[in-house]
Every structure is written in C-alpha cells, then in structure tokens.
Amino acid sequence: MGRRLRPRACRISTRKFHMHPYRQFVESYERLYREGKDIPMGGFPNRAKAQIAADAPVALIFSPHPDDECIIGALPLRLLRQATMRVINVAVTQGSNKARQAARWEELQKACEFMGFELIQTRPNGLERVNPKTREQDPAFWKESVGIISEILKRTNPKVIFFPHEQDWNSSHIGTHYLVTDALKGLALTPYTVETEYWGQNNRPNLMVQSTVEDVADMVAGTSFHVGEVTRNPFHLFLPAWMQENVRRGSELVGGQGEAAPDWTFATLYRMRKWRKDGFEEVLEKGRLLPAEENAGVLFA
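Not measured: the values here are computed from a predicted model.

## Section: helix H7 (residues 139–156)
Residues that lie three or four places apart on an α-helix share one face, since the helix turns once every 3.6 residues.
Here comes step 1: Its 18 residues place the ends of H7 26 Å apart at the C-alpha level, agreeing with the 26 Å of an ideal helix rising 1.5 Å per residue.
Here comes step 2: Among all positions in H7, only Trp 142, Ser 145, Val 146, Ile 148, Ile 149, Ser 150, Ile 152, Leu 153 and Thr 156 are buried.
Here comes step 3: With its phi angle positive at about 45 degrees, Asn 157 sits one or two positions after the end of H7.

Below you can see the structure in the form of structure tokens.
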C-alpha cells in the first residue's frame, strides 16, 4: 500500500488578514477613547450665555440623577440656543450614596452653569426612594414627593418637560417617569412631553434630533463636570459613540423601516407627545427628524 498523505495545515497570515482600511479605522476609535481619559474633567470656562427673557417659555428637565441633564441634553441645548427658551434642570435626586449627595450637588451646579441651564433643587440632598417599589408599597411617602414635583410644575408653568420613558431600566429613571406623570394628573397644565432614554432603549421613539460637533463637545464637557461619576464610569467619553448609534436606530425607528439613514453623525432619540386631561396625546402623525440647521422651537410652535 502507498503511504497515506496527511493534509497540510492551512496557515493564514494574521498580518495580511488585518491589513485592511477598517483596522486603522477601529484603531482610531480606540486611540481617541484612550486619549480622552487624559483630558481634564470639568473646570472649563462657562459658555457665553444666550440672552433669555425672564418671561420666555420654559423647558423643564426632570433629571433622575446629576449628569442626566447633560447626557440627554441635545434638544434642551438647542431650545436654549436656537429658540431662546429658559431651560431649567430639576434635580429629582442627588444619587443614593448619601456621602456623595452634597458633592454631586456642587458638581451639578457647575455643569448647569457651563451648559447655560438654570437649576432647581427639589429639597436638600434631593428626593429619596424614587422608584416603582416606593410608589407601590409606600403611597404616603410617594404622595409627598409627588406634591413637591406638582409645586414645581405649577410655579414654572413649563411649555415642555423632559423626563425618562417608563422602561428606562434604572429604577430611579423609571420612578422619575411615574413621579412626573403622577404630578401632572389633576393639574391644569398641557405641556409638551418629551420622554428621554439612556439605560433602556425606547422602542417607540418618534423624534430624532441631530446635534452639531459643537453641541456634542459641550455635552461631553458638561458631563465631565460630574467628576465623581465619570471617574467611576466614563459616561462622557462614551457619549459621542452612543449618539452615533442613535443615528443608526433612529433612521428606521423614527424615519421608517427600510428608509435610508440621514447623513448625520450625532443624534438623540425622544418620544414627543402632549399632556392633556390626565394622559398623553399624540402630536406627531409620523416620525420627525430634526436637522441641526432647523430651529428646534418649531416643534412646539
């Protein structure tokens, strides 16, 4: 019998395999992220503030935690800069770590000053136990917190309110959703509602808002003022990539299944409705894409 031949091992040069343009493309992403860790956090000079009239329409941001106001702040920032609205951040909580609450308030003040947002504190050290469990199991405690939010709403009479959608994963984000909607019930207010997302994706967004490089850079810088949080988890460095991912999702979730993506780099997804008679009312017949050059105020005209 002839000698049995063994197949030769197939050798692939990993060097040749990785020598394509996208290797350099991805390496650039990683390099920028690593270099970003060496950029100072916070402490930047405040941006020149827009001249806002005292009686200008109000947009309230109900932030579950300090830093949310910057992370989801694409549309509020455009309302401030393009529509000269008063943007007021309501610090619903100051985090659950009591040892950090005072420091987080100081960081938040500096972040809002940088962004040009006004700021309201719900109570010293913020509200506590803002979550669905409290709403269900401690109605008296929950009612007290709802009352605080109701007073803020009545005092400011906002045209637009921002708050998380009901499935935003984090218990304080979900709790803030119900805290705001419970506070709206029974009030003679009909604000536009803009539900935000961060930890949990909203499966039914109807608004995609483009951001310029300048706005995104300011959102990153503003988030960096929350030094204690971004040291633990660099949310600010991940923000541009998250906003790029929003363009991918929003092109079809908002623009329509199978539609071509707009030639945008950065965007944020929202769900826009209006509050009327103790419930939400749809105001957009179909998904709306808001390009950077369009005045954001047209959404609420």
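## Description of the pattern of salt bridges
Close approach of charged atoms allows side chains of opposite charge to pair.
Here comes step 1: Scanning the entire structure with this criterion turns up 24 salt bridges.
Here comes step 2: In this structure, the salt-bridge partner of Arg 47 is Asp 218, at a minimum N-O distance of 2.2 Å. Placement of Arg 47 in the loop between helix H2 (21–36) and strand E1 (58–63) and of Asp 218 in helix H9 (residues 213–224) is noted, with a sequence separation of 171 residues between them.
Here comes step 3: A relative accessible area of 8% places Asp 218 in the buried class.
Here comes step 4: Among the salt bridges present, the one from Arg 135 reaches Asp 182, with a minimum N-O distance of 2.8 Å. Taken together, the residues Arg 135 in helix H6 (residues 132–137) and Asp 182 in helix H8 (residues 171–184) connect sequence positions 47 residues apart.
Here comes step 5: A cluster of three or more residues bridged by salt bridges with shared partners is formed by Asp 67, Arg 100, Arg 104, Glu 107, Glu 229 and Arg 232.

## Focus: the packing of helix H5 (residues 101–115) against H9
Here comes step 1: It is at 8 Å that the axes of H5 and H9 come closest, and there the two elements cross at 160 degrees. Relative to H9, H5 is oriented roughly antiparallel. H9 is crossed by H5, and the crossing has right-handed handedness. Residues Ala 111, Phe 114 and Met 115 of H5 form the contact with H9, whose own contacting residues are Asp 218, Met 219, Ala 221 and Gly 222.
Here comes step 2: Residues that form the contact of H5 with H9 fall into these classes: five nonpolar, one polar and one charged.

## Some remarks on the side chain of Arg 271
Here comes step 1: Turning to its location among the elements, Arg 271 is positioned in strand E7 (residues 267–275).
Here comes step 2: Among the polar contacts listed, one links the side chain of Arg 271 to the side chain of Glu 282, at a separation of 3.1 Å.
Here comes step 3: Not counting chain neighbours up to four residues away, the residues in contact with Arg 271 comprise Thr 193, Val 194, Glu 195, Asn 202, Arg 204, Pro 205, Asn 206 and Glu 282.

## Focus on unusual backbone geometry
Here comes step 1: Although it is not a glycine, Asn 125 sits at a positive phi angle of roughly 70 degrees.
Here comes step 2: Here Asn 125 falls in the partly exposed class, since its relative accessible area comes to 36%.

## Considering the packing of helix H4 (residues 74–82) against H9
Here comes step 1: Look at H4 against H9: their axes get within 11 Å of each other, and the N-to-C directions meet at 115 degrees. Between H4 and H9 the crossing geometry is right-handed. Of the residues in H9, those in contact with Ala 74, Leu 77, Arg 78 and Arg 81 of H4 are Asp 215, Asp 218 and Met 219.

## Some details on the nonpolar core
Nonpolar side chains tend to gather and get buried jointly when the protein is soluble and globular.
Here comes step 1: Leu 75, Phe 162 and Phe 300 are the most contacted members of the largest nonpolar core, which totals 44 residues.
Here comes step 2: Per-element tally for this core: the top contributor is H5, with six residues.
Here comes step 3: Residue contacts for Leu 75: discarding those within four places in its chain leaves Phe 162, Val 194, Leu 207, Val 209, Tyr 270, Leu 290, Ala 296, Leu 299 and Phe 300.
Here comes step 4: By size, the runner-up hydrophobic cluster in this structure holds 24 residues, among which are Ile 88, Val 130, Ile 148 and Leu 189.

## A few points about the environment of Ile 88
Here comes step 1: Mapped onto the fold, Ile 88 is located in strand E2 (residues 86–91).
Here comes step 2: Beyond its immediate chain neighbours, meaning those up to four positions away, Ile 88 contacts Val 58, Ala 59, Leu 60, Ile 61, Glu 118, Leu 119, Ile 120 and Thr 156.

## What about a nonpolar patch on the surface?
Here comes step 1: Together, Tyr 22, Phe 25, Val 26 and Tyr 29 make up an exposed nonpolar region whose accessible area comes to about 470 Å².
Here comes step 2: With respect to the helices, strands and loops of the structure, Val 26 is situated in helix H2.
Here comes step 3: Looking at Val 26, the relative accessible area reads 52%, which means it is exposed.

## Observations concerning the packing of aromatic side chains
Here comes step 1: Per the counting criterion, the structure on display carries 14 aromatic pairs.
Here comes step 2: Here the aromatic residues Trp 169, Tyr 198, Trp 199, Phe 235 and Trp 242 are joined through ring pairs into a cluster of three or more.
Here comes step 3: The ring of Phe 141 is capped by Arg 129, whose NZ or CZ atom sits 4.2 Å from the centre of that ring.
Here comes step 4: Across the ring face of Tyr 192, the terminal group of Lys 274 is positioned such that the distance to the ring centre comes to 4.5 Å.

## Some details on the pairing of E7
Here comes step 1: E7 sits mainly inside the fold: nine of its nine residues count as buried.
Here comes step 2: Residues Ala 267, Leu 269, Arg 271, Arg 273 and Trp 275 of E7 are buried on one face, and the alternating residues Thr 268, Tyr 270, Met 272 and Lys 274, pointing to the opposite face, are buried as well.
Here comes step 3: As defined by bridge partners, strand E5 (residues 192–196) adjoins E7 across four bridges and the pair is classed as antiparallel. Its bridge partner lying in E7, Thr 193 is registered against Arg 273.
Here comes step 4: Sheet analysis places strand E6 (residues 207–210) next to E7, joined by four bridges and oriented antiparallel. Along E7, the bridge assignment pairs Val 209 with Thr 268.

Definitions and cut-offs
Residues numbered from 1 in each chain as written. Predicted model: local features only at pLDDT ≥ 70, side-chain atom pairs only at ≥ 80, totals over all residues. Heavy atoms only, no water. Helix = DSSP H or I, 4+ residues; strand = E, 2+ residues; numbered from the N terminus. Expected span 1.5 Å × (residues − 1). Buried < 20%, exposed > 50% of the residue type's maximum accessible area, 1.4 Å probe, protein only. Salt bridge = Lys/Arg side-chain N within 4 Å of Asp/Glu carboxyl O. Axes fitted to C-alpha atoms, helices over the stretch in contact; angles between N-to-C directions. Parallel < 35°, antiparallel > 145°, perpendicular 65-115°, else oblique. Left-handed = near helix turned anticlockwise from the far one by under 90°. Contact = heavy atoms within 4.5 Å. Nonpolar A, V, L, I, M, F, W, Y, C, P; charged D, E, K, R; others polar. Polar contact = N/O pair within 3.5 Å; in protein donor to acceptor, adjacent residues only side chain to side chain. Core = buried A, V, L, I, M, F, W, Y, C linked by side-chain atoms within 4.5 Å. Patch = residues over 30% accessible without salt bridge, like charges linked within 9 Å, V, L, I, M, F, W, Y side chains within 5 Å. Areas by Shrake-Rupley, 256 points an atom, 1.4 Å probe, with all protein chains shown as cover. Phe/Tyr/Trp six-rings, centres within 6.5 Å; stacked < 30°, edge-to-face > 60°. Lys NZ or Arg CZ within 6 Å of the ring centre and 35° of its normal. Pairing = 2+ DSSP bridges.

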